[in-house]
Amino acid sequence: MDLLEIMRQRRSVRSYTSEDVSEENIRKILEAGLLSASGRAIRPWELIVVKERAVLQKMAESRDHGAKMLEDANAAIVVIADETKTDVWPEDCSIVMSNMHLMASCLGVGSCWIQGRLRTSAGGESTEGYLRELLGFPEYYRLEAVLSLGMPESVPEMREVTDELWGKVHLEVYESKREK
Ligand SMILES: Cc1cc2nc3c(=O)[nH]c(=O)nc-3n(C[C@H](O)[C@H](O)[C@H](O)COP(=O)(O)O)c2cc1C
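For clarity, every value in this text was computed on a predicted model and none was experimentally measured.

(A) Expanded view of helix 4 (residues 89–106). Counted at 1.5 Å a residue, the expected span for helix 4 with its 18 residues is 26 Å, and the 26 Å between its end C-alpha atoms agrees. Along helix 4, the residues classified as buried are Trp89, Pro90, Asp92, Cys93, Val96, Met97, Met100, His101, Leu102 and Ala104. The elements touched by buried residues of helix 4 are helix 1 (3–9), helix 2 (23–34), strand 1 (45–50), strand 2 (75–82), strand 3 (110–115) and strand 4 (141–150).

(B) Focus on the packing of aromatic side chains. Evaluated as defined, the whole model comprises one aromatic pair. Pairing Tyr140 with Tyr141 gives two aromatic rings, centres 5.1 Å apart and planes at 35 degrees, and the pair type is tilted. Classification of Tyr141 as buried rests on a relative accessible area of 11%.

(C) Summary view of the site of the ligand. Surveying the vicinity of the ligand reveals the residues Arg10, Arg11, Ser12, Arg14, Arg63, Gly66, Met69, Cys112, Trp113, Ile114, Gln115 and Arg159. Arg14 places a polar side-chain atom, nitrogen or oxygen, 2.8 Å from an oxygen atom of the ligand. Protein chains bury 62% of the 620 Å² of accessible surface belonging to the ligand in isolation. Per-class residue counts for the shell around the ligand are four nonpolar, three polar and five charged.

(D) Just the nonpolar core, in detail. One finds Met59, Leu70, Val78, Leu131 and Val146 to be the most contacted residues of the largest nonpolar core, which totals 21 residues. Apart from residues lying up to four places away in sequence, Leu131 is in contact with Met59, Ser62, Gly136, Phe137, Leu143 and Val146. Judged by nonpolar contacts, the second largest core, of 20 residues, contains Val21, Ala81, Leu149 and Met151.

(E) Fine view of unusual backbone geometry. The backbone of Leu118 shows a phi angle near 70 degrees, a positive value even though the residue is not glycine. By the element assignment, Leu118 lies in the loop between strand 3 and helix 5 (127–135). Here Leu118 falls in the exposed class, since its relative accessible area comes to 68%. In the Ramachandran plot, Glu172 falls in the positive-phi region, its phi being about 70 degrees despite a non-glycine side chain. Mapped onto the secondary structure, Glu172 falls in the segment after helix 6 (163–166). In this structure Glu172 comes out as exposed when scored by relative accessible area, which is 83%.

(F) Geometry of helix 2. In this model, helix 2 (12 residues) spans 16 Å end to end at C-alpha, consistent with the 16 Å of a helix rising 1.5 Å per residue. Inspection of helix 2 places Asn25, Ile26, Ile29, Leu30, Ala32 and Gly33 among the buried residues, and these make up the whole buried set. Projection of helix 2 onto a plane perpendicular to its axis shows the buried side chains occupying an angular sector of 155 degrees, all on one side. Exposed positions of helix 2 whose direction lies more than 90 degrees from the buried face are Glu23, Glu24 and Arg27. Along its buried surface, helix 2 packs onto strand 1, strand 2, helix 4 and strand 4.

Basis of the calculations
As a convention, each chain's residues are numbered from 1 in the sequence order in which they are written. In keeping with the model being predicted, local features are shown solely for residues with a pLDDT of at least 70 and side-chain atom pairs are shown and tallied solely at 80 or more, while totals for entire chains, interfaces and linings include all residues. Note that the side-chain values use all heavy atoms of the structure and ignore hydrogens as well as water. Numbered from the N terminus, helices here are DSSP runs of H or I no shorter than four residues, and strands are runs of E no shorter than two. To estimate the expected span of a helix, count its residues, drop one, and scale the result by 1.5 Å. The rule is simple: take the accessible area with a 1.4 Å probe, protein chains only, and divide by the maximum for that residue type; under 20% is buried, over 50% is exposed, in between is partly exposed. Here, residues are in contact when the closest pair of their heavy atoms is within 4.5 Å. Stacked, tilted and edge-to-face are the three classes applied to pairs of Phe, Tyr and Trp rings, where Trp contributes its six-membered ring and a pair requires centres within 6.5 Å; stacked means planes under 30 degrees apart, edge-to-face means over 60, and tilted covers the rest. Only heavy atoms are used to decide nearness, and a residue is near a molecule or strand if one of them lies within 4 Å of it. Two N or O atoms form a polar contact when they lie within 3.5 Å of each other; inside protein one atom must be a possible hydrogen donor and the other a possible acceptor, and for residues adjacent in sequence the pair counts only when both atoms belong to side chains. Throughout, the Shrake-Rupley method with a 1.4 Å probe supplies accessible areas, and for residues the shown protein chains are the sole cover considered. Each residue gets one of three labels, nonpolar for Ala, Val, Leu, Ile, Met, Phe, Trp, Tyr, Cys and Pro, charged for Asp, Glu, Lys and Arg, and polar for the others, Gly among them. The nonpolar core is taken to be a set of buried Ala, Val, Leu, Ile, Met, Phe, Trp, Tyr and Cys residues, with the residues joined through side-chain atoms within 4.5 Å. It is the directions from the helix axis to the C-beta atoms whose arc is reported.

These results come straight from atomic positions and should not be treated as a statement about function.
So this is what it looks like as structure tokens:
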């Protein structure tokens, strides 16, 4: 499959079967993350792979909403970064997340981005504080996001690039679509 075809088929998958994601596929997904571009090649990120069911259950509470799929996920990859190394750590981490999500899709593994940065747990504390306590990363590591992983129960339909989306592309200068 060429890259554009993989991108056409990529969707966020939030329901999973009980089948395990193979070790080989988890490794390939991690490899896709580790190969990511990074400002000044600093690579400030660390990836925490969680497979322990009890921990995944607790992680589902790390957000007030938007993380429930972790209850049925087979694994999750938590992306954190050392903020003392670079001011573009959110961008660096986003690329890691995106590459892993795309790789998962390419392998037939369901995955979904769960926002962590600037979000709140079900108990009202920060998602970052909740996961720091649970997973033991130090203060100077900041949380970006969590990628849930599981074999898809169903895969949403692929999307088309609509005329509305094409309308976001401007040639040479910004062209307003609003009525003056
Ligand atoms: C920065 C970002 C944050 C997201 N946060 C969440 C989230 O916390 N929970 C969730 O279920 N989906 C989350 N998503 C997935 C989006 O909801 C999803 O990409 C969007 O609805 C488009 O659907 P698609 O990915 O299937 O094309 C996030 C995606 C991005 C890029």
